[in-house]
Amino acid sequence: MKIRYLLVVLLALATFSCNRGGDSDFVAGPFVPSVTSPIKVRIVDVSNDTHKVHDVDVIGLLWNGMEDSLKRRGMLWRSQMGGKPYLIEARVVYFKKGNMAGRLLPYVGDTVLSVKCELKDGDQRSLATIETKHKFSFGSNTMTRAAWRKLFDEVSEEVITEAVRKL
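These numbers come from a predicted model, not from an experiment.

Calculation rules
Residues numbered from 1 in each chain as written. Predicted model: local features only at pLDDT ≥ 70, side-chain atom pairs only at ≥ 80, totals over all residues. Heavy atoms only, no water. Helix = DSSP H or I, 4+ residues; strand = E, 2+ residues; numbered from the N terminus. Buried < 20%, exposed > 50% of the residue type's maximum accessible area, 1.4 Å probe, protein only. Contact = heavy atoms within 4.5 Å. Areas by Shrake-Rupley, 256 points an atom, 1.4 Å probe, with all protein chains shown as cover. Pairing = 2+ DSSP bridges. Axes fitted to C-alpha atoms, helices over the stretch in contact; angles between N-to-C directions. pLDDT = per-residue confidence, 0-100. Parallel < 35°, antiparallel > 145°, perpendicular 65-115°, else oblique. Left-handed = near helix turned anticlockwise from the far one by under 90°. Nonpolar A, V, L, I, M, F, W, Y, C, P; charged D, E, K, R; others polar. Core = buried A, V, L, I, M, F, W, Y, C linked by side-chain atoms within 4.5 Å. Salt bridge = Lys/Arg side-chain N within 4 Å of Asp/Glu carboxyl O.

**Quick notes on the overall build of the chain**
Per the secondary structure count, the chain includes three helices and four strands. For the chain, the N- to C-terminal ordering of α and β elements is α-β-α-β-β-β-α. Burial analysis of the chain (167 residues in total) assigns 33% to the buried set. Excluding contacts between residues fewer than 6 apart, the proportion of contacts in the chain whose partners are at least 24 apart in sequence is 66%. By element, 56% of the accessible surface of the chain is carried by carbon and sulfur atoms, the whole surface being about 11000 Å².

**Some details on the sheet that holds strand E4 (residues 126–136)**
Sheet architecture is open: four strands sit in the order E1-E2-E3-E4, paired in mixed fashion. Both outer strands of the open sheet, strand E1 (41–48) and E4, are each paired with one neighbouring strand and no more. Here the average twist between neighbouring strands, direction ignored, is 20 degrees. Direction of pairing for strand E2 (residues 86–96) relative to strand E3 (residues 111–120): antiparallel, over a ladder of nine bridges.

**As for the confidence of the model for the chain**
Mean pLDDT over the chain stands at 80; residues scoring 70 or higher make up 75%. The low-confidence segment residues 18–33 (pLDDT under 50) makes five contacts with residues lying over four places distant or belonging to another chain.

**Description of the packing of helix H2 (residues 58–73) against helix H3 (residues 147–166)**
Between H2 and H3, the least distance of the axes is 8 Å, while the angle of their chain directions is 50 degrees. Here H3 runs oblique to H2, going by the angle between their axes. Of the two possible hands of crossing, H2 and H3 adopt the one that is right-handed. Residues Val58, Leu61, Leu62, Gly65, Met66, Ser69, Leu70, Arg72 and Arg73 of H2 pack against Trp148, Phe152, Val155, Ser156, Glu157, Val159, Ile160, Thr161 and Val164 of H3. For the contact of H2 with H3, the per-class residue count stands at eleven nonpolar, four polar and three charged.

**Regarding the environment of Lys120**
Mapped onto the secondary structure, Lys120 falls in strand E3. Setting aside its immediate chain neighbours within four residues, Lys120 contacts Tyr86, Leu87, Glu89, Arg125, Ser126 and Leu127.

**Some details on the nonpolar core**
By size, the foremost hydrophobic cluster in this structure holds 29 residues, and its most contacted members are Leu62, Met66, Ile88, Phe95, Leu113 and Cys117. Broken down by secondary-structure element, the contributors of at least two residues to this core are E1, H2, E2, E3, E4 and H3. The element that contributes the greatest number of residues to this core is H3, accounting for eight residues.

**So, the pattern of salt bridges**
Applying the stated criterion across every chain, the model contains ten salt bridges. Between Asp123 and Lys84 there is a salt bridge, with the nearest N and O atoms lying 2.5 Å from each other. Placement of the pair is Asp123 in the loop between E3 and E4 and Lys84 in the loop between H2 and E2, with a sequence separation of 39 residues. Asp123 serves as the salt-bridge partner of Arg125, at 3.8 Å between the closest nitrogen and oxygen. Look at Arg125 and you get exposed, because its relative accessible area is 52%. Overall, Asp123 belongs to the partly exposed group, its relative accessible area being 42%.

Structural data, given as structure tokens:
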């Protein structure tokens, strides 16, 4: 009987002693990149060339992912900066949302994203074409919930990494 009470007290102590993300002393301010670069890039267009309407905002996810990647590098151009930035136009060529349950079987619930981007200089001259395709399938991120979100982040990061290499 005493052991039960001891276990209940220890369980309660363990449960209530954990930090549940309450108030903290950290105050979030505006985003300030830790790195700045003399090279500035502006995303001018992202389009959906899949000719399908998805229940996921493919344009917004890709646009925001690329902007976030540029911010982390200190390369995102803002209108108050002036000058002629490099330009990126992106197109979602193929997207399949897939699902976690389907990825438990080969070739059934694959999550796929294929993107084609055009890197241009400030005078609209094409500098490079960047194509990338990522896929989460059986054995690869099989148990990832909302894998399509993670896929957009990975593709966005790869596109910007390739663009930086081409500059």
